[in-house]
Amino acid sequence: MALPVAITTGEPAGIGPEVSLKAALAVKEPIVLIGSKALLEKRAKLFGLAWPLPEHITIENVDLPEASVLGQLSTANSSYVLETLRRAHEGAIAGRWPAIVTAPVQKSIIIEAGHPFTGHTEYFRDLSGLKRVVMMLTADNTPDCMKVALATTHLPIAELSTSITGELLDEVIGILYRALKTDYNIEKPSILITGLNPHAGENGHIGREEIDTIIPAVERAQINGINITGPIPADTAFVPGHWDRYDAVLCMYHDQGLPVLKHVGFIDGVNVTLGLPYIRTSVDHGTALDIAARGIANVESMLSALKLAHFLSKNRETRMA
């Protein structure tokens, strides 16, 4: 029997429990929902979803410290949210499931509760004891869709120039290349890399980061057999008929690549963390507190993340067999 995929059900005041239930009910593969059983039962009945859950869905119960009110954040439940993530990580490391799919959490309320939290990506990286992982967004769950990886994630713009180092790019390019081979089953991945500055620095007239840091990293990667092209200006990278000649585009920072990705695939978009010892995918949207009580949350991104988690898990298992 196939191992289940784990879903962390997210911020209890948001749409996370709703889309987690909807996605789990829409597939036939085994699923483990990690969260409060009492909360999930309450939401299922409130929104007219199946309860008791069918046999392919089980629950890893995590007690909720305080009763959750839809649309109203509470710092008291921030520890609960982090506990669902910790349980998911530990289960994956123990081999109970090969992949984790995460529903959206509210970073601000976790930070207000006193927890140093910058996002799922960094949290799972730290739990895994890793120096580096890579955030990649995909337009949907199909193998040939637009894929945008990021050299940096949640950094202030003022810190970008000093943060983008040769060592960082060497590591990010390597992680991205290996993930495309192992998880996406692409034998000879091709990567397009953008510059940091407008016009990719215009030969040093609009900044030297390309000349001093990015081009040398590209040359080192090419010497190591990685098929990588660039750096080119970000606006050129996403011209129709250009980006789709490559398996992934590597952008220098969060808002350089993600606006384009979300324009192309906001409804079905998936966030993938590359470089972890397990598969991790997530929705590409937030907690939607404003509609959480209405039962109208769109499940497509969560369902896409779940389908992609199954696809990547099977590819990784095949490669390692």
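My aim in this report is to walk through the structure given alongside it, one point at a time. (Residues numbered from 1 in each chain as written. Predicted model: local features only at pLDDT ≥ 70, side-chain atom pairs only at ≥ 80, totals over all residues. Heavy atoms only, no water.)

### Thoughts on the sheet that holds strand 4 (residues 99-102)
The strand order across the open sheet built from 11 strands is 3-2-1-4-11-10-5-6-9-7-8, with neighbouring strands paired in mixed fashion. Edge positions in the sheet fall to strand 3 (57-61) and strand 8 (227-232), since each has one partner strand and no second. Direction aside, neighbouring strands of the sheet carry axes that sit 25 degrees apart on average. Bridge analysis of strand 5 (residues 134-138) against strand 10 (residues 270-274) gives 5 bridges, and the strand direction is antiparallel. If you follow Val134 over to strand 10, its bridge partner there is Leu274. (Pairing = 2+ DSSP bridges. Helix = DSSP H or I, 4+ residues; strand = E, 2+ residues; numbered from the N terminus. Axes fitted to C-alpha atoms, helices over the stretch in contact; angles between N-to-C directions.)

### What about the packing of aromatic side chains?
Across all of its chains, the model carries 4 aromatic pairs by this definition. Centroid distance Phe117 to Tyr123: 5.7 Å. Interplanar angle 55 degrees. Geometry classified as tilted. Of the two residues, Phe117 and Tyr123, neither departs from the other in class, the shared state being buried. (Phe/Tyr/Trp six-rings, centres within 6.5 Å; stacked < 30°, edge-to-face > 60°. Buried < 20%, exposed > 50% of the residue type's maximum accessible area, 1.4 Å probe, protein only.)

### Brief notes about the environment of Phe311
With respect to the helices and strands, the residue Phe311 is situated in helix 11 (residues 300-320). Assessed through its relative accessible area of 26%, Phe311 is described here as partly exposed. For the pair Phe311 and Ile173, spaced 138 residues apart in sequence, the C-alpha to C-alpha distance is 22 Å. With residues near it in sequence (within four places) discarded, Phe311 still touches Pro143, Asp183 and Tyr184. (Contact = heavy atoms within 4.5 Å.)

### Structural notes on the side chain of His242
Within the secondary structure, His242 is located in the loop between helix 9 (234-237) and strand 9 (248-251). In this structure His242 comes out as buried when scored by relative accessible area, which is 17%. Within polar-contact distance, the side chain of His242 engages the backbone oxygen of Thr236 at 3.2 Å. Dropping the residues within four chain positions of it, His242 is found in contact with Leu192, Ile232, Thr236 and Ala237. (Polar contact = N/O pair within 3.5 Å; in protein donor to acceptor, adjacent residues only side chain to side chain.)

### Some remarks on the pattern of salt bridges
Summed over all chains, the structure comprises 15 salt bridges. A salt bridge links Arg96 to Glu60, with the shortest nitrogen-to-oxygen separation between them at 2.8 Å. With Arg96 in the loop between helix 3 (78-93) and strand 4 and Glu60 in strand 3, this pair connects stretches of sequence that are 36 residues apart. A residue is classified by how much of its surface remains accessible, and Glu60, at 16% relative accessible area, is buried. (Salt bridge = Lys/Arg side-chain N within 4 Å of Asp/Glu carboxyl O.)

### A few points about helix 5 (residues 120-127)
Here helix 5 has its buried residues at His120, Thr121, Glu122, Tyr123 and Phe124. In this fold, the buried residues of helix 5 make contact with helix 3, strand 4, strand 5, strand 10 and strand 11 (279-283). Following helix 5 by one or two positions, Gly129 adopts a phi angle in the positive range, close to 70 degrees.

### Re the pairing of strand 4
Neither face of strand 4 is exposed, since Ala99 and Val101 on one face and Ile100 and Thr102 on the opposite face are all buried. Bridge analysis of strand 1 (residues 5-8) against strand 4 gives 3 bridges, and the strand direction is parallel. Of the residues in strand 4, the one forming a bridge with Thr8 is Thr102. As paired strands, strand 4 and strand 11 are joined by 4 bridges and run parallel to one another. Each bridged residue has a counterpart across the sheet, and for Ala99 the counterpart in strand 11 is Ile279.

### Examining the side chain of Thr194
Here Thr194 shows up in strand 7 (residues 190-194). On the basis of relative accessible area, Thr194 is assigned to the buried category, the value being 0%. For Thr194, the residues in contact, after removing those within four places along its chain, are Ile214, Pro231, Ile232, Ala234, Ala237, Val249, Leu250, Cys251, Met252 and Gln256.

### Side note on the pairing of strand 3
Every regular strand shows the same layout, with side chains that alternate between the two sheet faces. The pairing of strand 2 (residues 31-35) with strand 3 spans 5 bridges and is parallel. Residue Val32 lies in a different strand from strand 3, and its bridge partner there is Thr58. Crossover strand 2 to strand 3 through helix 2 (residues 37-46) is right-handed. (Right-handed = clockwise from strand over helix to strand, strands pointing away.)

### Comments concerning helix 8 (residues 209-223)
Because an α-helix completes one turn every 3.6 residues, residues spaced three or four positions apart along the sequence face the same direction. End to end, helix 8 covers 20 Å across 15 residues, agreeing with the expected 21 Å (1.5 Å per residue, within 8%). The largest bend along helix 8 measures about 30 degrees and falls at Ile215, with the proline Pro216 one to four residues further on. Residues Glu210, Thr213, Ile214, Ala217, Val218 and Ala221 constitute the buried set of helix 8. Close packing links the buried residues of helix 8 with helix 7 (166-182), strand 7 and strand 8. (Expected span 1.5 Å × (residues − 1). Bend = angle between axes of the 7 residues up to and from the residue.)

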